[in-house]
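Letter by letter, the chains look like this.
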Amino acid sequence: MARIAFTLAWAIVLVATNRAFQDVTWAQYVATFLLGGAYALALSKARFLRGENAAEKSK
């Protein structure tokens, strides 16, 4: 459930960022690329978003 909520919140951030850079196409591309990388990094590093089971948490 946390991953779904995080994804929805991230989508809102992405849409807001793209609207802020509405007339600057290159800035939209850069912001989308950077936010996508940050999203992937957050999913891989944040324990509450990885969905680990009890066996993986004990390692």
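Quantities reported herein were computed from a predicted structural model and do not represent experimental measurements.

Conventions used here
All chains use their own residue numbering, which begins from 1 and follows the written sequence. pLDDT decides what is reported in this predicted model: residues at 70 or higher carry local features, side-chain atom pairs at 80 or more are listed and counted, and totals for whole chains, interfaces and linings draw on all residues regardless. Based on all heavy atoms of the structure, the side-chain values leave hydrogens and waters out of the count. With axes taken as lines fitted to C-alpha atoms, and helix axes fitted only over the stretch in contact, angles between N-to-C directions fall between 0 and 180 degrees. Runs of E in the DSSP output that reach at least two residues are strands. Runs of H or I that reach at least four are helices, and both are numbered from the N terminus. When describing relative orientation, an angle under 35 degrees is termed roughly parallel and one over 145 degrees roughly antiparallel, while 65 to 115 degrees is termed roughly perpendicular and anything else oblique. What makes a crossing left-handed is the near helix being turned counterclockwise from the far one by less than a right angle; a clockwise turn instead makes it right-handed. In what follows, residue pairs with any heavy atoms lying within 4.5 Å of each other are defined as contacts. Each aromatic pair joins two rings of Phe, Tyr and Trp (for Trp, the six-membered one) with centres within 6.5 Å, and gets the label stacked for planes under 30 degrees apart, edge-to-face for over 60, and tilted for any other angle. Under the scheme applied here, a residue whose accessible area is under 20% of the maximum for its type counts as buried, over 50% as exposed, and between as partly exposed, the area being computed with a 1.4 Å probe on protein chains only.

Interhelical geometry of helix H1 (residues 2-20) versus helix H2 (residues 25-45) gives an angle of 165° and a closest axis separation of 10 Å. Viewed along their axes, H1 and H2 adopt a mutual orientation that is roughly antiparallel. As for how H1 packs across H2, the hand of that crossing is right-handed. Two secondary-structure elements touch here, H1 through Arg-3, Phe-6, Thr-7, Trp-10, Val-13, Leu-14, Thr-17 and Asn-18 and H2 through Gln-28, Ala-31, Thr-32, Leu-35, Ala-38, Tyr-39, Ala-42 and Leu-43.

A few words on the packing of aromatic side chains. In the structure shown here, the tally under the stated rule is three aromatic pairs. Taking the centre distance of 5.5 Å and the plane angle of 35° together, the rings of Phe-6 and Trp-10 count as tilted. Remark: Trp-10 and Phe-6 occur in helix H1; sequence separation between them is four residues, near one turn of the helix. Under the relative-accessibility criterion, Trp-10 is labelled partly exposed at 21%. With a centroid separation of 6.1 Å and an interplanar angle of 40°, the aromatic rings of Trp-10 and Tyr-39 are classed as tilted. In this pair, Trp-10 is assigned in helix H1 and Tyr-39 in helix H2, connecting sequence segments 29 residues apart. You can call Tyr-39 partly exposed: its relative accessible area is 21%.

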